[in-house]
Structure formats: C-alpha cells, structure tokens
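# Remarks on the overall topology
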Amino acid sequence: MDTLHDVMSRGAYILQRDLEEFEENIRELIGVKHVLGVADGTNALILALRAADVGDGDEVIMSSHTYIATAASVHFVGAKPVLVECGADHMIDPESVERAINDKTKVIMPTQLNGRTCDMDALQSIADKHGLAIIEDAAQALSSMYKGKCAGTFGLAGTFSFYPAKVLGCFGDGGAIVTNNDEIAERVALFRDHGRNKDGEVVTWGTNSRLDNIQAAILNLKLRTFKKDIERRRQIAAMYDQALNNIDDLFLPPAPDADENHYDIYQNYELESGHRDELRSFLAERGVGTIIQWGGKAVHQFKGLGFDNVRLPVVEKMTSRFLMLPMHTALTDEDVGYICDCIVEFYSTDYAN
Ligand SMILES: Cc1ncc(COP(=O)(O)O)c(C=O)c1O
C-alpha cells in the first residue's frame, strides 16, 4: 500500500522515475545494456520484431510448444511463424530449426520455456551459419541462465512478461524488451511512445505500449525478494525430483543441479506422464490442483490459424502427456511432500493401469 500511495501522491503514472529504476534494476539483474518497459510480453515481442525490421515476406522459426503470443506477434508484424519440434527438455529442437530454414527465414525465436534457457550455443551457431538474427521469447525465464549468461541477452533482443503469474509478476499486465544493440533500443523507445523522441517530436510511426509507472514501482518492490523466491522454487523442484524420479511413467524436468550449463528458475514444473489425465483427476480428488499449459495444445494444433498441414509428431505426443505440478513460493515442504505422496500413491495403485 505504501508503494501505491507513494506513486499516487506524486501523480507519477507514465514514463516516470519508478520505471527508470525498474529498467536499471533489470539491466543489473541480467547484465544487459538496454531495458525498455512496455505494456506486456506480447507487445514486447511485436515491438522487438518491428525494431528488427521483420515484416512482409519474412519467416520466423519457433517451437510449436510455446504460447500463442509468440506466433501471434510474428503474424501481427506481417511475417510467417514457422513451427518446429521441441526436444526432450521441451525446448526448441536445433535440428528441426536448421531443417526449416529457407531464403525467407529472417529470425530464430526460441522460447526460454518454463524458466529454462535453450542450448544457445547450438542455436547461435545455426544463426551464424545462415546469417539469421535471434530474438528470444524469454517471457518465462527472467534471470535463468545458460553457461552463466542470462536468458534474453543472447540474441539481437529478448522479451519478458510480468503477467501476474510470472515469477516476477505485477498487478496487471507488463513486459520489457532487452537488448545490447543501441539501434534496436532507440527504435523501441520511439515505438512504445507514439514515435516521439525525447523532445516530444514525432519522428516515426509508433504506438502506445508503455509499462505503467505504478506497475514498475510494484515490480521494484517484488524484486527485493526475487532471488530468494527463485532459490525456493529450485528447492521445490529438487524435492519433486528426489521423490518422483524413480517412477518410470513420469518424465521430469531436469533437476536444478542436473547440468552445470543451466540455471533454471522453474517458472513452471512441467512433467510428462503416460497417464496424465488419470493422474490429474486423482490429484484433484485429493485437493491438488495441476495445470495443463495452454490447454494441452501446441500452436499448430489450434484450428483456423493456417497450420492445418503442419505435422510435428514429437510435440503432438508431448501435448497429450504434459502436466504442471504446483510451483510457488507459498508451498511449504509439507505441501510438496503431500503432493509427492499423492503421486506415489497413484502409481502404487492399479489406478494407472
Ligand atoms: C512464452 C510466453 N510468451 C509470451 C507471453 C506473453 O506475455 P503477456 O501475457 O505479458 O502478453 C507469455 C505470457 O504468458 C509467455 O508465457
């Protein structure tokens, strides 16, 4: 309440001090040159693509296991989203990326999914070989790392969402674009504020896509516990892993210490189960809520979007198996223990057969 009162008593609503502080905080947190707060994660993607001159006739490659917003942003700048397979860790499959490249391809857009960063070495070498840009949809992965480098900072630009359910979530919609490229930053700064420069003069076409100052102030407050929150999420992931990794029917996300190249923030704990729907009902009956991300559909499985001829067997198999267990700092060790006990009980009955 103090934060809200402070912002309101200053009448500081648009492009004010709290937003500048927030942008500085994110710059420091993830080690990037420019951060620009925008309306939400979807607009962050659209403006990043526009700033990179992606438009008519261009193709952008992404995993089909991503949020519809990743593909929609490409559609809305006039380009074509090209959907490919994901690998065993649910991240975009580099070999499928390479197979999808043609002379219209302009960008590879990996989603840093569930709080994990993709194998960026593999993607970067493909991008370099074919002269492509990388724009990361890092909406789910603020401060997750690959080889010590943060998601969002690898490519030409990266984007974040501060939707309330994100590890860093505000009290409404919010997003940001990050980049080490001065020109991209300059263009996004114009695009997000009606094409106006610092003197208020309109110098290009722009739109209204600014992160509200009041949301920035809330995010600054929440950033104070952000690192602690992530450590707790990693503890919970380790507890799930320890209790469940010997159940053959489950395929778990990589454990926090499974691979020294990755530092995952566990935005979600998305596992695969061969008996997903039965397990989900069993848990619901015992008061454990679970989520099937994006309604259990990959982007190419939505009708009416023009992907009727796309076949991606790996992703399609996974979408019938994906399930997200509860993952939140409010969970106590007892809560996590109870959830694990329920799952072990499910697999010890003939329920699963
Ligand atoms: C992977 C991914 N991309 C894009 C977005 C879009 O962000 P927003 O909801 O802030 O527009 C989200 C948010 O849920 C997301 O998870």
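Structure shown above.
Cut-offs applied
Residues numbered from 1 in each chain as written. Predicted model: local features only at pLDDT ≥ 70, side-chain atom pairs only at ≥ 80, totals over all residues. Heavy atoms only, no water. Near = heavy atom within 4 Å. Polar contact = N/O pair within 3.5 Å; in protein donor to acceptor, adjacent residues only side chain to side chain. Areas by Shrake-Rupley, 256 points an atom, 1.4 Å probe, with all protein chains shown as cover. 1 Å grid on protein atoms, 1.4 Å probe; cavity = no way out; pocket = protein on both sides within 12 Å on 5 of 7 lines; lining within 4 Å. Sits in = over half its atoms within 2 Å of the grid points. Helix = DSSP H or I, 4+ residues; strand = E, 2+ residues; numbered from the N terminus. Pairing = 2+ DSSP bridges. Contact = heavy atoms within 4.5 Å. Phe/Tyr/Trp six-rings, centres within 6.5 Å; stacked < 30°, edge-to-face > 60°. Lys NZ or Arg CZ within 6 Å of the ring centre and 35° of its normal. Buried < 20%, exposed > 50% of the residue type's maximum accessible area, 1.4 Å probe, protein only. Axes fitted to C-alpha atoms, helices over the stretch in contact; angles between N-to-C directions. Parallel < 35°, antiparallel > 145°, perpendicular 65-115°, else oblique. Left-handed = near helix turned anticlockwise from the far one by under 90°. Nonpolar A, V, L, I, M, F, W, Y, C, P; charged D, E, K, R; others polar. Salt bridge = Lys/Arg side-chain N within 4 Å of Asp/Glu carboxyl O.

## Observations concerning the site of the ligand
In the vicinity of the ligand, 13 residues are found, and the nearest of them are Gly-41, Thr-42, Asp-137, Ser-161 and Lys-166. One of the side-chain nitrogen or oxygen atoms of Gln-140 is found 3.1 Å away from an oxygen atom of the ligand. In the complex, 93% of the free accessible area of the ligand, which totals 390 Å², lies under the protein chains. More than half of the atoms of the ligand fall within 2 Å of the grid points belonging to the largest pocket. Breaking the shell around the ligand down by element, the ones donating at least two residues are helix H3 (41–51) and helix H4 (68–76).

## Describing the sheet that holds strand S6 (residues 145–146)
Spatially, the three strands line up as an open sheet ordered S7-S6-S11, and their pairing is antiparallel. In this open sheet, the two strands that pair with only one neighbour each are strand S7 (149–150) and strand S11 (262–263). In this structure, S6 lies alongside S7, joined through two bridges in antiparallel fashion. Along S7, the bridge assignment pairs Met-145 with Cys-150.

## A closer look at the environment of Ile-214
With respect to the helices, strands and loops of the structure, Ile-214 is situated in helix H8 (residues 213–223). The spacing of Ile-214 and His-5 is 209 residues in sequence and 9.8 Å in space, taken between C-alpha atoms. In contact with Ile-214, not counting residues within four places along its chain, are Leu-4, Val-7, Met-8 and Tyr-13.

## So, the packing of aromatic side chains
In this structure the tally under the stated criterion is seven aromatic pairs. Members of the aromatic cluster, each reached through a chain of ring pairs, are Tyr-240, Tyr-266 and Tyr-269. For the cation-ring pair, Arg-50 lies above Phe-191, with the distance from its terminal atom to the ring centre recorded as 4.1 Å.

## Some words on the side chain of Thr-66
Of note, Thr-66 is situated in the loop between strand S2 (59–63) and H4. What makes Thr-66 buried here is its relative accessible area of 2%. With near-sequence residues (within four places) excluded, Thr-66 lies in contact with Thr-111, Asp-137, Trp-294 and Val-299.

## Some remarks on the sheet that holds strand S1 (residues 34–38)
Taking strand neighbours across the sheet as the criterion, the seven strands line up as S1-S9-S8-S5-S4-S2-S3 in an open arrangement whose pairing is mixed. Each edge of the open sheet is held by one strand with a lone partner, namely S1 and strand S3 (80–84). Pairs of neighbouring strands in the sheet enclose a mean axial angle of 25°, with direction left out of account. Where strand S4 (residues 105–108) and strand S5 (residues 133–137) come together, two bridges link them in parallel fashion. Bridge pairing in S5 links Ile-108 to Ile-134. In the packing of H3 onto the sheet, the strands contacted are S1, S2, S5, strand S8 (157–161) and strand S9 (175–179), and the crossing angle to S8 comes to about 165°. Contacts from helix H7 (residues 182–191) reach S1, S8 and S9, with the element oriented near 20° to S1.

## Focus: the packing of helix H10 (residues 276–285) against helix H12 (residues 333–348)
Helix packing geometry: the angle between the two helix axes and the distance between the axes. For the pair H10 and H12, interaxial distance at closest approach is 10 Å and the crossing angle is 130°. One finds that H10 runs oblique with respect to H12. The two elements H10 and H12 cross, and the hand of that crossing is right-handed. Here H10 contributes Glu-278, Leu-279, Phe-282 and Leu-283 to the contact with H12, which in turn contributes Ile-339, Cys-342, Ile-343, Glu-345, Phe-346 and Tyr-347. Residues that form the contact of H10 with H12 fall into these classes: eight nonpolar, no polar and two charged.

## So, the pattern of salt bridges
All told, the structure shown has 21 salt bridges when counted by the stated rule. A salt bridge links Asp-58 to Lys-106, with the shortest nitrogen-to-oxygen separation between them at 3.8 Å. Residue Asp-58 is found in the loop between H3 and S2, and its partner Lys-106 is found in strand S4; the two are separated by 48 residues along the sequence. Judged by relative accessible area, which is 15%, Asp-58 ranks as buried. Exposure remark for Lys-106: the relative accessible area of 30% places this residue in the partly exposed category. Put simply, Glu-59 and Lys-80 hold a salt bridge, and the shortest N to O gap is 3.9 Å. Here Glu-59, found in strand S2, pairs with Lys-80, found in strand S3; they are 21 residues apart in sequence, far enough to count as distant. Owing to a relative accessible area of 47%, Lys-80 belongs among the partly exposed residues under this scheme. It is possible to trace a salt-bridge network through shared partners that takes in Asp-6, Arg-10 and Asp-18.

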